[in-house]
Amino acid sequence: MISIVIPSYNRAYIIGRALDSISKQTYTDWECLIADDYSTDDTESVVNSYTEKDSRFRFLKNNRSKGAQGARNTGILAAKGEWVVLFDSDNVMHSDFLEKCSKRQLDTDCDVVNTWSRVIDTNSMHQVRSFSWVNNGMIHKSLLTGKCYVDNSSTMIRKSFLTDIGLLAEDCPAFQEWDTHLRLSNIAVYQTIEEHLIDYFVGAADAISSSKRKDVKGYLFILTKFKKEWIRRCPLHFCKYAAILKTCIDTLDANERAAYEKEFSKLTGILKPVVLILANIITKRHGKE
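Residues numbered from 1 in each chain as written. Predicted model: local features only at pLDDT ≥ 70, side-chain atom pairs only at ≥ 80, totals over all residues. Heavy atoms only, no water.

Things to note about the pairing of strand β9 (residues 190–202)
Part 1: Counting buried residues along β9, ten of its 13 residues qualify, which places the element largely inside the surrounding structure.
Part 2: Here strand β6 (residues 112–121) pairs with β9 via ten bridges, running parallel. If you follow Thr115 over to β9, its bridge partner there is Ile193. (Buried < 20%, exposed > 50% of the residue type's maximum accessible area, 1.4 Å probe, protein only. Helix = DSSP H or I, 4+ residues; strand = E, 2+ residues; numbered from the N terminus. Pairing = 2+ DSSP bridges.)

Quick look at the structure:
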(Lines give C-alpha, C1' and ligand atoms only; values in the text may rest on other atoms or scores of the structure.)
Protein backbone atom coordinates (compact mmCIF):
# COMPACT_ATOMS: atom_id res chain seq x y z
CA MET A 1 0.00 0.00 0.00
CA ILE A 2 0.98 3.59 -0.69
CA SER A 3 -0.10 6.16 1.93
CA ILE A 4 -0.66 9.67 0.62
CA VAL A 5 -0.37 12.25 3.41
CA ILE A 6 -1.84 15.72 2.87
CA PRO A 7 -1.55 18.50 5.49
CA SER A 8 -4.40 20.98 5.45
CA TYR A 9 -5.43 24.24 7.05
CA ASN A 10 -8.40 26.17 5.65
CA ARG A 11 -8.09 24.47 2.26
CA ALA A 12 -11.79 23.88 1.57
CA TYR A 13 -11.60 26.01 -1.57
CA ILE A 14 -8.87 23.95 -3.26
CA ILE A 15 -8.31 20.53 -1.69
CA GLY A 16 -11.03 18.84 -3.77
CA ARG A 17 -8.90 19.18 -6.90
CA ALA A 18 -6.07 17.20 -5.30
CA LEU A 19 -8.43 14.55 -3.91
CA ASP A 20 -10.10 14.14 -7.30
CA SER A 21 -6.71 13.46 -8.89
CA ILE A 22 -5.95 10.83 -6.25
CA SER A 23 -9.30 9.09 -6.73
CA LYS A 24 -8.47 8.69 -10.44
CA GLN A 25 -5.17 6.83 -9.90
CA THR A 26 -4.75 3.70 -12.02
CA TYR A 27 -2.86 2.12 -9.12
CA THR A 28 -5.58 1.32 -6.60
CA ASP A 29 -3.76 0.04 -3.47
CA TRP A 30 -3.54 3.40 -1.72
CA GLU A 31 -4.92 5.32 1.22
CA CYS A 32 -5.10 9.09 1.54
CA LEU A 33 -4.78 10.68 4.98
CA ILE A 34 -5.76 14.34 5.25
CA ALA A 35 -4.10 15.63 8.44
CA ASP A 36 -5.92 18.82 9.34
CA ASP A 37 -4.37 21.49 11.58
CA TYR A 38 -7.73 22.56 13.08
CA SER A 39 -9.14 24.43 10.10
CA THR A 40 -11.78 27.10 10.74
CA ASP A 41 -13.41 26.79 7.32
CA ASP A 42 -15.31 23.88 5.69
CA THR A 43 -12.27 21.71 5.00
CA GLU A 44 -13.63 18.85 7.12
CA SER A 45 -16.99 18.89 5.33
CA VAL A 46 -15.29 18.85 1.93
CA VAL A 47 -13.05 15.94 2.93
CA ASN A 48 -15.98 14.06 4.48
CA SER A 49 -17.73 14.11 1.11
CA TYR A 50 -14.81 11.93 -0.09
CA THR A 51 -14.51 9.70 2.98
CA GLU A 52 -18.22 8.86 2.75
CA LYS A 53 -17.81 7.62 -0.82
CA ASP A 54 -14.39 5.96 -0.56
CA SER A 55 -13.00 4.41 2.64
CA ARG A 56 -9.46 4.89 1.34
CA PHE A 57 -9.77 8.58 2.27
CA ARG A 58 -9.28 9.31 5.99
CA PHE A 59 -9.61 12.60 7.88
CA LEU A 60 -7.29 13.17 10.85
CA LYS A 61 -6.87 16.02 13.31
CA ASN A 62 -3.28 17.17 13.75
CA ASN A 63 -2.84 16.37 17.43
CA ARG A 64 0.78 17.51 17.21
CA SER A 65 -0.37 21.10 16.55
CA LYS A 66 2.88 22.18 14.95
CA GLY A 67 1.82 23.42 11.55
CA ALA A 68 2.25 21.63 8.24
CA GLN A 69 5.24 19.56 9.35
CA GLY A 70 3.40 18.40 12.47
CA ALA A 71 0.37 17.53 10.35
CA ARG A 72 2.56 15.52 7.99
CA ASN A 73 4.06 13.63 10.92
CA THR A 74 0.57 12.91 12.24
CA GLY A 75 -0.22 11.36 8.86
CA ILE A 76 3.05 9.41 8.66
CA LEU A 77 2.50 7.92 12.12
CA ALA A 78 -1.05 6.89 11.19
CA ALA A 79 -0.11 5.54 7.75
CA LYS A 80 -0.69 1.85 7.10
CA GLY A 81 1.31 1.71 3.89
CA GLU A 82 4.93 0.69 3.36
CA TRP A 83 5.33 3.77 1.16
CA VAL A 84 4.48 7.44 1.77
CA VAL A 85 3.81 10.34 -0.60
CA LEU A 86 3.89 13.73 1.18
CA PHE A 87 1.47 15.55 -1.08
CA ASP A 88 0.35 19.19 -0.98
CA SER A 89 -3.33 20.11 -1.02
CA ASP A 90 -3.07 22.42 -4.03
CA ASN A 91 -1.24 20.06 -6.39
CA VAL A 92 -2.51 17.46 -8.85
CA MET A 93 -1.38 13.90 -9.60
CA HIS A 94 -1.53 12.61 -13.13
CA SER A 95 -3.57 9.41 -13.17
CA ASP A 96 -0.55 7.10 -13.64
CA PHE A 97 1.71 8.72 -11.01
CA LEU A 98 1.37 6.01 -8.34
CA GLU A 99 1.47 3.19 -10.87
CA LYS A 100 4.73 4.38 -12.42
CA CYS A 101 6.33 5.07 -9.03
CA SER A 102 5.44 1.58 -7.84
CA LYS A 103 6.79 -0.04 -11.00
CA ARG A 104 10.09 1.86 -10.84
CA GLN A 105 10.57 0.84 -7.21
CA LEU A 106 9.91 -2.82 -8.00
CA ASP A 107 12.29 -2.67 -10.97
CA THR A 108 15.15 -1.05 -9.03
CA ASP A 109 14.56 -1.90 -5.33
CA CYS A 110 15.23 1.76 -4.44
CA ASP A 111 14.06 3.58 -1.32
CA VAL A 112 12.81 6.82 -2.87
CA VAL A 113 11.18 7.38 -6.26
CA ASN A 114 10.47 10.83 -7.64
CA THR A 115 9.12 12.19 -10.91
CA TRP A 116 9.24 15.49 -12.76
CA SER A 117 6.56 18.15 -12.28
CA ARG A 118 4.94 20.79 -14.43
CA VAL A 119 5.02 24.15 -12.61
CA ILE A 120 1.79 26.04 -13.29
CA ASP A 121 0.97 29.64 -12.45
CA THR A 122 -2.20 29.73 -10.34
CA ASN A 123 -3.43 32.95 -11.91
CA SER A 124 -2.90 32.24 -15.61
CA MET A 125 -3.07 28.43 -15.32
CA HIS A 126 -0.17 28.28 -17.81
CA GLN A 127 2.96 26.20 -17.34
CA VAL A 128 5.82 28.55 -16.44
CA ARG A 129 8.63 26.05 -15.90
CA SER A 130 9.22 22.50 -14.70
CA PHE A 131 10.90 20.64 -11.87
CA SER A 132 13.18 18.25 -13.69
CA TRP A 133 15.93 17.29 -11.28
CA VAL A 134 17.48 13.86 -11.86
CA ASN A 135 18.07 12.07 -8.56
CA ASN A 136 19.57 8.62 -9.07
CA GLY A 137 21.57 6.60 -6.54
CA MET A 138 23.07 8.15 -3.41
CA ILE A 139 22.46 11.88 -3.90
CA HIS A 140 23.59 13.38 -0.60
CA LYS A 141 26.56 15.36 -1.92
CA SER A 142 24.52 16.55 -4.91
CA LEU A 143 21.97 17.98 -2.47
CA LEU A 144 24.73 19.73 -0.53
CA THR A 145 26.20 21.26 -3.69
CA GLY A 146 22.86 22.26 -5.23
CA LYS A 147 23.13 19.93 -8.22
CA CYS A 148 19.71 18.46 -7.45
CA TYR A 149 16.64 18.89 -5.27
CA VAL A 150 13.67 16.75 -4.25
CA ASP A 151 10.07 17.94 -4.22
CA ASN A 152 7.95 15.84 -1.86
CA SER A 153 4.71 16.13 -3.83
CA SER A 154 6.30 14.17 -6.66
CA THR A 155 8.08 11.65 -4.44
CA MET A 156 7.32 8.22 -2.95
CA ILE A 157 9.40 7.36 0.14
CA ARG A 158 9.89 4.13 2.09
CA LYS A 159 8.05 4.82 5.35
CA SER A 160 10.57 3.00 7.55
CA PHE A 161 13.28 5.40 6.36
CA LEU A 162 11.21 8.40 7.44
CA THR A 163 10.95 6.92 10.92
CA ASP A 164 14.68 6.10 10.87
CA ILE A 165 15.53 9.80 10.45
CA GLY A 166 13.13 10.79 13.24
CA LEU A 167 10.30 11.95 10.97
CA LEU A 168 10.10 15.50 9.61
CA ALA A 169 11.62 18.45 11.46
CA GLU A 170 8.66 20.30 12.97
CA ASP A 171 10.79 23.33 13.86
CA CYS A 172 11.99 23.86 10.28
CA PRO A 173 10.43 27.19 9.15
CA ALA A 174 11.04 26.80 5.38
CA PHE A 175 12.86 24.54 2.89
CA GLN A 176 11.43 21.53 4.74
CA GLU A 177 12.12 19.23 1.80
CA TRP A 178 15.77 20.25 1.71
CA ASP A 179 16.09 19.41 5.40
CA THR A 180 14.27 16.09 5.03
CA HIS A 181 16.27 14.86 2.07
CA LEU A 182 19.64 16.04 3.37
CA ARG A 183 18.98 13.59 6.22
CA LEU A 184 17.25 10.91 4.17
CA SER A 185 19.87 10.84 1.41
CA ASN A 186 22.48 9.59 3.89
CA ILE A 187 20.72 6.21 3.99
CA ALA A 188 18.39 6.05 0.96
CA VAL A 189 18.87 5.14 -2.69
CA TYR A 190 16.93 7.40 -5.09
CA GLN A 191 15.44 6.89 -8.54
CA THR A 192 13.89 9.46 -10.89
CA ILE A 193 11.16 8.86 -13.48
CA GLU A 194 11.93 11.45 -16.14
CA GLU A 195 8.29 12.25 -16.90
CA HIS A 196 6.05 15.11 -15.78
CA LEU A 197 3.51 13.31 -13.59
CA ILE A 198 2.61 16.09 -11.12
CA ASP A 199 1.12 19.56 -11.65
CA TYR A 200 2.69 21.89 -9.06
CA PHE A 201 0.89 25.22 -8.64
CA VAL A 202 2.69 28.44 -7.70
CA GLY A 203 1.60 32.01 -7.04
CA ALA A 204 -0.97 31.46 -4.28
CA ALA A 205 -0.96 34.24 -1.67
CA ASP A 206 -0.83 31.79 1.26
CA ALA A 207 2.15 29.80 -0.03
CA ILE A 208 5.03 29.53 2.45
CA SER A 209 7.53 30.41 -0.29
CA SER A 210 5.91 33.86 -0.68
CA SER A 211 7.47 35.15 2.56
CA LYS A 212 11.00 36.59 2.45
CA ARG A 213 11.13 36.41 6.23
CA LYS A 214 10.52 32.67 6.11
CA ASP A 215 13.23 32.35 3.45
CA VAL A 216 15.67 34.01 5.86
CA LYS A 217 14.59 31.78 8.75
CA GLY A 218 14.78 28.72 6.51
CA TYR A 219 18.31 29.42 5.30
CA LEU A 220 19.46 30.15 8.86
CA PHE A 221 17.93 26.88 10.06
CA ILE A 222 19.39 24.70 7.28
CA LEU A 223 22.84 26.31 7.22
CA THR A 224 23.17 26.14 11.00
CA LYS A 225 21.97 22.53 11.18
CA PHE A 226 24.28 21.20 8.47
CA LYS A 227 27.15 23.72 8.76
CA LYS A 228 29.78 21.24 9.95
CA GLU A 229 29.06 18.87 7.10
CA TRP A 230 29.13 21.65 4.50
CA ILE A 231 32.42 23.01 5.86
CA ARG A 232 33.95 19.53 5.89
CA ARG A 233 32.78 18.42 2.44
CA CYS A 234 32.15 21.52 0.31
CA PRO A 235 32.89 24.84 2.08
CA LEU A 236 32.49 27.00 -1.04
CA HIS A 237 28.89 25.82 -1.38
CA PHE A 238 28.27 26.76 2.24
CA CYS A 239 29.56 30.23 1.37
CA LYS A 240 27.29 30.37 -1.69
CA TYR A 241 24.14 29.59 0.29
CA ALA A 242 25.20 31.94 3.08
CA ALA A 243 25.57 34.65 0.41
CA ILE A 244 22.02 33.97 -0.77
CA LEU A 245 20.92 34.28 2.86
CA LYS A 246 22.63 37.69 3.04
CA THR A 247 20.79 38.93 -0.07
CA CYS A 248 17.50 37.80 1.51
CA ILE A 249 18.32 39.60 4.77
CA ASP A 250 19.03 42.78 2.78
CA THR A 251 15.42 42.81 1.53
CA LEU A 252 13.97 43.07 5.07
CA ASP A 253 13.15 46.30 6.88
CA ALA A 254 15.81 47.95 9.04
CA ASN A 255 14.77 46.50 12.42
CA GLU A 256 14.51 42.93 11.17
CA ARG A 257 17.71 43.31 9.18
CA ALA A 258 19.68 44.32 12.26
CA ALA A 259 18.46 41.31 14.23
CA TYR A 260 19.27 38.82 11.50
CA GLU A 261 22.66 40.40 10.74
CA LYS A 262 23.85 39.27 14.19
CA GLU A 263 22.78 35.68 13.48
CA PHE A 264 24.37 35.89 10.03
CA SER A 265 27.71 37.03 11.50
CA LYS A 266 27.64 34.25 14.08
CA LEU A 267 26.85 31.67 11.38
CA THR A 268 29.54 32.72 8.89
CA GLY A 269 32.37 33.50 11.34
CA ILE A 270 35.77 33.72 9.66
CA LEU A 271 34.16 32.96 6.29
CA LYS A 272 32.16 36.19 6.38
CA PRO A 273 34.45 38.19 4.00
CA VAL A 274 34.14 35.48 1.32
CA VAL A 275 30.38 35.32 1.83
CA LEU A 276 30.00 39.09 1.51
CA ILE A 277 31.96 39.11 -1.77
CA LEU A 278 29.69 36.39 -3.15
CA ALA A 279 26.59 38.23 -1.91
CA ASN A 280 27.75 41.38 -3.72
CA ILE A 281 28.21 39.40 -6.95
CA ILE A 282 24.74 37.86 -6.60
CA THR A 283 23.19 41.29 -5.97
CA LYS A 284 24.85 42.78 -9.05
CA ARG A 285 23.71 39.88 -11.22
CA HIS A 286 20.12 40.28 -10.07
CA GLY A 287 20.38 44.00 -10.71
CA LYS A 288 21.37 43.36 -14.33
CA GLU A 289 18.52 40.87 -14.78
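Some words on the pairing of β6
Part 1: Along β6, nine of the ten residues are buried, which leaves the element largely enclosed by surrounding structure.
Part 2: Direction of pairing for β6 relative to strand β8 (residues 155–158): antiparallel, over a ladder of three bridges. Residue pairing for β8: Asn114 is matched across the bridge by Thr155.
Part 3: Relative to strand β7 (residues 127–131), β6 runs antiparallel, the two being bridged by four bridges. Across the sheet, the residue bridging to Ser117 is Phe131, located in β7.
Part 4: Between the antiparallel neighbours β6 and β7 lie five residues, among them Met125 with a positive phi of about 65°.

Functional significance is not addressed by these values, which are geometric in nature.
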